[in-house]
Structure formats: C-alpha cells, structure tokens
Amino acid sequence: MGKKVAPYVLFALENQKKYEGNRTLSVPELIRLASPDWKKLPHEEKERFKAMAKDMRSNQSSEPSSSFKNETSNHRLDTEGTTISCIEDENRTNKKKEELRKKTNE
C-alpha cells in the first residue's frame, strides 16, 4: 500500500505557486496559507483531492497522476508532509546555530 497523503496537502501543493510569490515556503507554511482556501473549497473540489489521495494510497508505487506529478515532482515529502529539502535546510541551520553557541560559550 502507498503512503498516506492528506487531500489538503495535495490541494496546497497543487496551488503552491499562488501562495509562494517570490519566496519558497516549507510545506507546513504552505498548508497554513492554503487552509482558508481549503475551507472555502466546494465539496466537489474537495472530493477530487480526496480521490487523488485515495488513488495515491492504493497505487503500489504511490505515484500521483501525471498532471499532479508535473506540478510537484521536485518536492519529496516525509511522512508528515514536510519537504525533505526543508528538513535538510533546517538541520543545517540548527547545526550552524549550535556551532555558534559553542564558540560563544568557550
């Protein structure tokens, strides 16, 4: 069985360009910005994203449809919906902060 992906995460990723503007957002930031639009989304549209999420779960390779894949192909997600690149960036930042703290405490 494929990975479980929440329909609202798919909605946020599909509409990512609308929310990003000239900056890159983490998945949690993107979801926070997309939340009001998701709440206003008509039931029929929500059902489309629910069906997409269900298809992804039932598909052995957990690959989304080709149209969705083209929009989000550079965004690998962890199990909580956070992009891997965001996690890596955060880890590097935390490591630099820790090194700086060690230097100032010496």
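Everything below is about the structure printed above this text.
Residues numbered from 1 in each chain as written. Predicted model: local features only at pLDDT ≥ 70, side-chain atom pairs only at ≥ 80, totals over all residues. Heavy atoms only, no water.

1. Section: the overall build of the chain
Then step 1. Within the chain, the secondary structure is distributed over six helices and zero strands.
Then step 2. When its helices and strands are written in sequence order, the chain yields α-α-α-α-α-α.
Then step 3. Residue burial in the chain is summarised as follows: out of 106 residues, 29% are buried.
Then step 4. For the chain, the share of sequence-separated contacts (at least 6 apart) that also reach a separation of at least 24 residues comes to 55%.
Then step 5. For the chain, the exposed area adds up to about 7900 Å²; of that, 48% sits on carbon and sulfur atoms. (Helix = DSSP H or I, 4+ residues; strand = E, 2+ residues; numbered from the N terminus. Buried < 20%, exposed > 50% of the residue type's maximum accessible area, 1.4 Å probe, protein only. Contact = heavy atoms within 4.5 Å. Areas by Shrake-Rupley, 256 points an atom, 1.4 Å probe, with all protein chains shown as cover.)

2. Some thoughts on the pattern of salt bridges
When charged atoms on two side chains of opposite charge get close, those side chains can pair.
Then step 1. Tallied over the full model, the rule gives five salt bridges.
Then step 2. Where Glu14 meets Arg48, a salt bridge forms, and the shortest distance between an N and an O atom there is 3.0 Å. One end of the pair, Glu14, is in helix 1 (residues 7-14); the other, Arg48, is in helix 4 (residues 43-58), and 34 residues separate them in sequence.
Then step 3. Judged by its relative accessible area of 25%, Glu14 falls in the partly exposed class.
Then step 4. The partly exposed category is assigned to Arg48, whose relative accessible area is 35%.
Then step 5. A salt bridge links Glu47 to Lys50; the nearest nitrogen and oxygen atoms lie 3.6 Å apart. Taken together, the residues span about one helical turn, with Glu47 and Lys50 both in helix 4 at a distance of three residues.
Then step 6. The partly exposed category is assigned to Glu47, whose relative accessible area is 34%.
Then step 7. One salt-bridge network, in which partners are shared between bridges, spans Glu14, Glu45 and Arg48. (Salt bridge = Lys/Arg side-chain N within 4 Å of Asp/Glu carboxyl O.)

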